[in-house]
Amino acid sequence: MALVLSKRTIFSQQWFIKKQIVPRTLTRLAGVFNKCFAENSKTLPSENVGILGIPELKSPEGFYLMKESVIRKCSSLIEEAIRSKNSPNIVSVFDEISDELCKVADLAEFLRLTHPSKSFSRAAEETSLGLGAFVEQLNTNIDLYHALKHALSDKDVSGQMDDVTKHVGNLFLFDFEQSGIHLEREKRERAVKLHEMILAFGAEFSHNTSAPNIYPLKKWPADVTIPFKVSGNEILVSSPSSESANSDLRKEAYKAFYAQADGQLAILENLLACRNQLANLLGFESYSHRALKSTMAQNPETVEAFLSDSLSLLRDSTQTELDIISGWKSNENEGDTGVHMWDIRYYTSKIISESFTLSAAKLSEYFSLGACMDGLNMLFTDLYGVHLNHVDADPGEVWSDDVQKLEVRHESEGVLGYIYCDFFSRPGKINQDCHFTIRGGKQQKDGRYQLPVVCLVCNFPPPTKLAPPLLTIGMVENLFHEMGHAMHSMLARTRYQHVTGTRCSTDFAEVPSVLMESFALDPRVLRRFAKHYATGQSLSEEFIEKLHLSRTMFTSLEATTQAFYAIVDQVFHGKHPLGKSTTSVLAHLHNAYFPIPYVKGTAWQLRFSHFHSYGAKYYSYLWSKAVAALIWSRFFKENPFCRESGERFRRIMLAHGGGKPPQLLVNEMLDEEISPRELVKSLRNELKI
Ligand SMILES: [Zn+2]
């Protein structure tokens, strides 16, 4: 985000050089997050405690020691599990194996994506791969599988298990069977091979989704400026230039960026074919049937009904929004009033900012990272009685000097867990905002609770010498969203770490985080935390109102787009063979479901990395939005600070992680059985259609 240097910020520059500015209306927590870089350095190598306080991780070599130690521990736990086939305790032993492995594997995966030192991220990657191979052995350990299968099917043994234990045991069994362990040898070997191919095709597909397209220079019209690098007869097209004011340029850049790359097409189609074969081998009709098995939606038929109902509900309001775009276009561009794919982003952001005279740079001054953290803290204190306390990390505890550690403390229960905040963009760091579970919560044998540890990764602009980190509205929503995941992890109290916090089905896991987006821009919440970073002045009522209204514009078009993406995801992962190329399938679906015409020769599916990461679960976004909207309207709309509702939400929705079937939790929260039709109605209310 570009920072506009108004006179005022230059004037306040000296303050920032001397000392961090914490206006009296902001708190110590805000001060920590608004701090300048120069004040952050603290690492003294001699006192290094190791990353996250793990002594082995004083140096990258420690990863190898941890890997060996976890393999040793797990090997003896595996023997214990095999011996426990007649004991209901077998599920606890499985959970211990999973806990030991996750503690190292998840941390390694996290540091691979975030640690600035190459030697650390390399050691983390090797550990990740080494443990992957061990897990593979574990997944094919027939004695281990039979012990669990026996315990769960023997009435005497399973009769001694409570519902949660049975549910978690069955989740372990399901995971086991996904590698084909219960199949005859030839099929089992085929399943292992397919798993490997899916991993390889998936990684390659994701990597290529952001790669530039090489486009022939001769296809680009001579009278349109080329905003990309040209090399010989080729253009390296790195973006669709959707923000450009030149419509000819947007059109050409869209066509060139989304032009079908044949190599990538083959990778996607191989990925889809392998997924389908694996699902068939495991006895499922399609990959979608397999992926949806333990979700709230449960099967593709329910998802399809939800998506097509949503699209019909959204049709008229989406058309009205497109008419608005068309009207603006005709004012600017006499003659051409048709709305094209390359117009959407440009016109929606232009119309919003001009209709509400909202200057992004000016607004950001009210959303310093510190002010937003203050807002979250106040909200969580009201809703759940918890405080976010900043604690100094010990030397060597964090992987980058700008990472901050928060202790989450409940007013009567004490410390609930820890959140490490790695908020600023940095070369080599993963550029997506995400929540990582590093250590899951779990009831321990000695009666104590293993406290959860999570890391939140965002890509905010770092503070400068002139100003603290200032967030755009989109970033504020992302921060609230990710903190929603973090609080799910902190507030859950599960017996088993296999189902800790966010380890639950995707269409349920996104509910707490999407719900937080409703809080983020609610005027009553904004009034409490949106304060100017230098003066402490609150955002004016006029701006609060405008901001709130601006977020209700083009919501039908946005929801239609999401539903359409989800339909493509379902069809791609539905029954195979698809009969034609994914581009032809896409073109057909585009014209059938999307109100803006498909652009011939383009293949946006090759840029959509979610086909890999979500695989038949992309609907979760809209689904969770509908569930969150129902919860918001029944429990928080009237009073977003209601403690009673917060406690109910914690007790029913957050406390169990994935320990209970998600649809049961939602039905209990809403006190009725929720059907897809009910969810569509909830979307209608949320979008005010
Ligand atoms: Zn999320």
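Rules used in this analysis
- Residues numbered from 1 in each chain as written.
- Predicted model: local features only at pLDDT ≥ 70, side-chain atom pairs only at ≥ 80, totals over all residues.
- Helix = DSSP H or I, 4+ residues; strand = E, 2+ residues; numbered from the N terminus.
- Rg over C-alpha atoms; globule rule 2.2 N^0.38 Å.
- Contact = placed C-beta atoms within 7 Å.
- Axes fitted to C-alpha atoms, helices over the stretch in contact; angles between N-to-C directions.
- Left-handed = near helix turned anticlockwise from the far one by under 90°.
- Nonpolar A, V, L, I, M, F, W, Y, C, P; charged D, E, K, R; others polar.
- Expected span 1.5 Å × (residues − 1).
- Bend = angle between axes of the 7 residues up to and from the residue.
- Buried ≥ 20, exposed ≤ 12 C-beta atoms within 10 Å, placed from the backbone.
- Core = buried A, V, L, I, M, F, W, Y, C linked by C-beta atoms within 7 Å.
- Pairing = 2+ DSSP bridges.

Visitor: Honestly, the overall build of the protein in this entry has me stumped. Any pointers?
Guide: Secondary structure summary: the protein contains 28 helices and 10 strands in total. Here the C-alpha radius of gyration of the protein, 26 Å, is about what a compact globule of 689 residues would show, namely 26 Å. C-alpha extents for the protein along the principal axes are approximately 80 × 65 × 55 Å. Taking the contacts inside the protein whose residues are at least 6 apart along the sequence as the reference set, 71% of them involve residues at least 24 apart.

Visitor: I keep staring at the packing of helix H14 (residues 300-332) against helix H22 (residues 555-572) and nothing clicks. Help me out?
Guide: How two helices pack is summed up by the angle between their axes together with the distance between the axes. Look at H14 against H22: their axes get within 8 Å of each other, and the N-to-C directions meet at 145°. Handedness of the crossing formed by H14 with H22: left-handed. For the pair H14 and H22, contact is made by Pro300, Val303, Glu304, Leu307, Ser310, Leu311, Leu314, Ser317, Thr318, Glu321 and Leu322 and by Ser556, Leu557, Ala559, Thr560, Ala563, Ala566, Ile567 and Gln570, respectively. Tallied by class, the residues present in the contact of H14 with H22 amount to 11 nonpolar, six polar and two charged.

Visitor: Can you help me understand helix H5 (residues 90-114) in this one?
Guide: Residue pairs three or four apart in sequence face the same way in an α-helix, which turns once every 3.6 residues. Helix length check: H5 (25 residues) gives 36 Å between terminal C-alpha atoms against 36 Å at 1.5 Å per residue, within 8%. The sharpest bend along H5 comes to roughly 30°, located at Cys102. Within H5, 19 of the 25 residues are buried, leaving the element largely enclosed by the surrounding structure.

Visitor: How should I be thinking about the nonpolar core in this particular structure?
Guide: Most often, soluble globular proteins keep nonpolar side chains buried together rather than apart. By size, the foremost hydrophobic cluster in this structure holds 178 residues, and its most contacted members are Leu148, Phe367, Cys372, Ile419, Leu471 and Val627. Tallying contributions element by element places H5 first for this core, with 12 residues.

Visitor: How should unusual backbone geometry be read in this particular structure?
Guide: With glycine set apart, most residues show a phi of negative sign, and most peptide bonds adopt trans. With an omega of 0°, the peptide bond running from His576 to Pro577 counts as cis. Looking at where Pro577 falls in the secondary structure, it is placed in the loop between H22 and helix H23 (582-593).

Visitor: Would you take a moment to explain the pairing of strand S10 (residues 453-460) for this structure?
Guide: It is a general feature of regular strands that their side chains alternate between the two faces of the sheet. Where burial is concerned, most of S10 is hidden: seven out of the eight residues are buried. Pairing of strand S6 (residues 414-424) with S10, which is carried by six bridges, proceeds in the parallel orientation. Paired with Tyr420 across the strands is Cys455, a residue of S10. Sheet topology note: the strand S7 (residues 434-439)/S10 ladder contains five bridges and is antiparallel. Directly across from Cys434, in S10, lies its bridge partner Val457.

Visitor: What's the story with helix H12 (residues 262-281) in this structure? I'm lost.
Guide: Compared with the 28 Å implied by 1.5 Å per residue over 20 residues, the 28 Å span of H12 between its first and last C-alpha is a close match. Among the residues making up H12, those that are buried are Gln264, Ile267, Leu268, Leu271, Leu272, Cys274, Arg275, Asn276, Leu278 and Ala279. Tucked inside the fold, the buried residues of H12 contact helix H10 (185-209), helix H13 (287-291), H22, H23 and helix H24 (610-613). Positive phi shows up at Gly283, right after H12, with a value of about 90°.

Visitor: Explain the sheet that holds strand S2 (residues 229-231) to me, please; I cannot follow it from the model alone.
Guide: The strands making up a sheet are joined through hydrogen bonds of the backbone, oriented either antiparallel or parallel. Strand order in the open sheet made by the three strands is S1-S3-S2, with antiparallel pairing throughout. Edge positions in the sheet fall to strand S1 (213-216) and S2, since each has one partner strand and no second. In this sheet, adjacent strand axes meet at a mean angle of 30° when their direction is disregarded. For S2 and strand S3 (residues 234-237), the ladder comprises three bridges, and the chain directions are antiparallel.

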